[in-house]
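# Survey of secondary and tertiary structure
Residue-level listing of the chains:
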Amino acid sequence: MPGTVVVGTQWGDEGKGKLTDILAEEVDMVVRYQGGHNAGHTIVVGEQSFAVRLVPSGVLHPGTVNVIGNGVVVDPRILFGEIDTLEARGIDTSNLVVSGNAHLVMPYHQELDVLFERHLGKNKLGTTKGGIGPTYADKALRVGLRVQDLLDPKIFREKLEVVLKEKNAILAKVYNRLGPTADDICDEYLGEIAPRLKPRIVDSVNLIHEALEAGKDVMFEGAQATFLDLDHGTYPFVTSSNPVAGGACAGAGVGPRHLDRIIGITKAYLTRVGSGPFPTELFDDIGDGFVDRGHEYGVNTKRRRRPGWFDSVMLRQAARLNSLTEIFITKLDILDPLPTIKVCVAYEIDGKRVTHMPYHQSDLHNAVPIYDERPGWQSDTSSCTTMEELPAAARDYILFLAEQGGVPVSYVGVGPERKQTIRVA
Ligand code: GDP
Ligand code: IMO
Ligand code: MG
C-alpha cells in the first residue's frame, strides 16, 4: 500500500487514531496533512491509552517516521506538551518531524478564537478554542508565521511586528483587551521554542517524495472529517481546513496519483461535537446509551458528543468526496444491547425523498430522516475476531451499511484496543 489515506466520513471521532496506529505497524511513514490540536486521536494498547492531538498516530511504532505536514497548523507549546507526555511514558519520539512550511498557531490566534466565539453568542460554532480558525485565516491572508520563520529571528520579528499591530488593534478596539508585545512573543518563540523545535524542522515534501520514490509505504492521516471540511462540510459549522482525502495532496505535497488506498473511518452510529445540523440526532435514552457505552466525550474539550443513528446519505456523499476504496466500521460493539437499530437511508425534504446530500444548508436543516429498521443482535461482540464469529444480525448490519454507501468494508472495530479489530477478507 504505497499511499494510503485515512479519512473520517462523518463529523470526527470515528476512530481514525486507532486504525492509523494499527496500519502504522506496516508502513514506513505517517503524515498528518491538516488540522491542528483541535484533533484528539485515541490509541489503546492493552491497559494503556494514549491521546494525541498534533502528533501523528504512528508515533507508538519506533520504526515509523511521523511527519507533521505543511497543511497542519502547529501550536509548538501543545506539541512540546505532547512530546513530553509521550517521552515520560517511555515512547521514543525521535522519529517525529515537522514541516518548515506548516503555519504556527500564535497566542493571539487562540485569544481571538475564544473572543470571536463569545462575539457570535448563540450563533457560536462551538470551536475547540485552540486558535485553529484564526491561524488558517492568517494563512489565507498571507500574514501567517511559518515554522521555518523560527529559523530566522530577523524575519520572524519583522513579520510578527506587522501582524501584531493589526491584531492588537482588534484586541483593544473590538474586545477591549491588551494584546501581547512583540518582545514577549519573541522571547518565548525565538528564545525557548525555536532551539527546541529546530532539530525536528524538515523539508517534508522532499522527505515524503524520497520515501515514495524508494518504494516505501506512506500513510496520510486525516484529522476532523468529511462533514467538517471547509468546502464540503456543513458550513459554517465546520473546521477551517480540508480533511477530505484530496486535502492530503495539498497538505502533504503529493499528487493524486500517489493515493492508492483511501480508507473511510465510519462509526456504526453518529456523533458530532459543537453546533450544526444533524438530521438523525437522538435526544432520548438510546442516544444517552451511545454516549455512555461509547464514552462519547471530547478527548480535549471533554464536551459531550451529540449522538444519533447512522446516516447512509452522509456515507454515500463521503464515498464520492473522498473516492473511498473501502471503509472501516468502528464501534459496532456499542450497538450490542439494542433490540432494533435504525439506519437513515434517505431524507424527506419538502415532501420529496432525497437520497443524496442536499447542497443547500436550509434543506439539510429541514431534512427528515427516512429510516430502515434493522434487527439488533443483543449479544457481546467485543471478543469476536472474525466476521464468522459475529452474530448474523451484526454481519447483516455491516453489509447493509456497505451496500448503502456503495463501498466495501475492510475492517470492523468491536472495542477500543488494537486487537479488537476484525479484518474482513
Ligand atoms: P478519532 O478522533 O477519529 O481518532 O477518534 P477519537 O479517539 O476521538 O474517538 C474514538 C473513541 O472510540 C476513542 O475513545 C477510541 O478508543 C474508541 N474506539 C475506537 N474504535 C472503537 C471500537 O471499535 N469500539 C469501541 N468501543 N471503542 C472504540
Ligand atoms: P478529530 O480529529 C470532532 C469541531 C469542533 C467545532 C468545529 C470547529 O478528533 O476527529 P475548530 O476548533 O476546528 O475551529 O472547531 O469542528 N471539531 C471536531 N469535532 N473531532 C475533531 O477532531 C474535531 N476538530 C474540530 O467541535 O464544531
Ligand atoms: Mg477525536
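Just above sits the structure.
Here the structure is a predicted model, which means the values were calculated and not measured.

### Remarks on the site of ligand 1
In the vicinity of ligand 1 there are 20 residues, among which Gly15, Lys16, Gly17, Thr42 and Asp333 approach most closely. Contact distances for ligand 1 include 2.9 Å between an oxygen atom and a side-chain N or O atom of aspartate 13. The side chain of aspartate 333 places a nitrogen or oxygen atom 2.7 Å from a nitrogen atom of ligand 1. Of the residues belonging to the shell around ligand 1, the class tally is five nonpolar, eight polar and seven charged.

### A word on the nonpolar core
Val5, Ile208, Phe220, Leu332, Leu335, Leu390 and Tyr397 are the most contacted members of the largest nonpolar core, which totals 53 residues. Per-element tally for this core: the top contributor is helix α12 (residues 392-405), with seven residues. The contacts of leucine 335, once residues within four sequence positions are left out, are Ala268, Tyr269, Phe290, Ile341, Trp377 and Tyr397. Ranked by size, the runner-up nonpolar core spans 36 residues in total, among them Val55, Val59, Leu79 and Cys186.

### What about the coordination of the magnesium ion (ligand 3)?
Each pair of donors in an ideal four-coordinate tetrahedral metal site encloses 109.5 degrees, whereas pairs in an ideal six-coordinate octahedral site enclose 90 or 180 degrees. Note on the magnesium ion (ligand 3): its protein donors are Asp13 (OD) and Gly40 (O). The metal-donor distances range over 2.0 to 2.2 Å. Within this pair, whereas aspartate 13 is found in the loop between β1 (3-8) and α1 (16-24), its partner glycine 40 is found in the loop between β2 (29-32) and β3 (41-45), the two being separated by 27 residues in sequence. With a relative accessible area of 22%, aspartate 13 lands in the partly exposed category. Taking the relative accessible area as the measure of exposure, glycine 40 reaches 13% and is therefore buried.

### Notes on the environment of alanine 211
As for its placement among the helices and strands, alanine 211 is situated in helix α7 (residues 204-213). With relative accessibility at 8%, the residue alanine 211 sits in the buried group. Separated by 183 residues in sequence, alanine 211 and aspartate 28 have C-alpha atoms that sit 8.1 Å apart. Alanine 211 has contacts with Met29, Lys216 and Val218, leaving out every residue within four places of it along the chain.

### Regarding the site of ligand 2
Taken together, 20 residues sit near ligand 2, with Lys16, Asn38, His41, Thr128 and Thr239 positioned nearest. Here an oxygen atom of ligand 2 and a backbone polar atom of glycine 40 are 2.9 Å apart. The separation between an oxygen atom of ligand 2 and a polar side-chain atom of arginine 303 is 2.9 Å. Within the complex, the protein chains bury 97% of what would otherwise be the 550 Å² of accessible surface of ligand 2.

### Side note on the sheet that holds strand β7 (residues 96-99)
Spatial strand order, β9-β7-β5-β2-β10-β1-β11-β15-β19-β20: 10 strands in an open sheet with mixed pairing. Looking at the sheet topology across the chains shown, the edges are occupied by β9 (201-202) and β20 (421-423). Of the pairings in the sheet, the one linking β1 to strand β10 (residues 218-221) comprises four bridges and is parallel in character. Its bridge partner being in β10, glycine 3 is matched across the sheet by valine 218.

### A short note on the environment of phenylalanine 237
By the secondary structure assignment, phenylalanine 237 is in the loop between β10 and α8 (247-252). Using a relative accessible area of 17% as the deciding quantity, one classes phenylalanine 237 as buried. Leaving out residues up to four positions away in the same chain, phenylalanine 237 has contacts with Asn123, Lys124, Leu125, Phe227, Leu228, Arg272, Ser275, Gly276, Pro277 and Gln361.

### Thoughts on the pairing of β7
The two faces of β7 match: Leu96 and Val98 on one face and Val97 and Ser99 on the other face are all buried. Two elements, strand β5 (residues 65-68) and β7, share three bridges in a ladder whose sense is parallel. Paired with valine 67 across the two strands is valine 97, which belongs to β7. Judged from the two bridges that link them, β7 and β9 form a sheet pairing that is parallel. The residue bridging serine 99 from the neighbouring strand is valine 202, located in β9.

Cut-offs applied
- Residues numbered from 1 in each chain as written.
- Chains lettered and ligands numbered in written order.
- Predicted model: local features only at pLDDT ≥ 70, side-chain atom pairs only at ≥ 80, totals over all residues.
- Heavy atoms only, no water.
- Near = heavy atom within 4 Å.
- Polar contact = N/O pair within 3.5 Å; in protein donor to acceptor, adjacent residues only side chain to side chain.
- Nonpolar A, V, L, I, M, F, W, Y, C, P; charged D, E, K, R; others polar.
- Core = buried A, V, L, I, M, F, W, Y, C linked by side-chain atoms within 4.5 Å.
- Buried < 20%, exposed > 50% of the residue type's maximum accessible area, 1.4 Å probe, protein only.
- Helix = DSSP H or I, 4+ residues; strand = E, 2+ residues; numbered from the N terminus.
- Contact = heavy atoms within 4.5 Å.
- Donors = N, O, S within 2.8 Å, 3.2 Å for Na, K, Ca; no water.
- Areas by Shrake-Rupley, 256 points an atom, 1.4 Å probe, with all protein chains shown as cover.
- Pairing = 2+ DSSP bridges.

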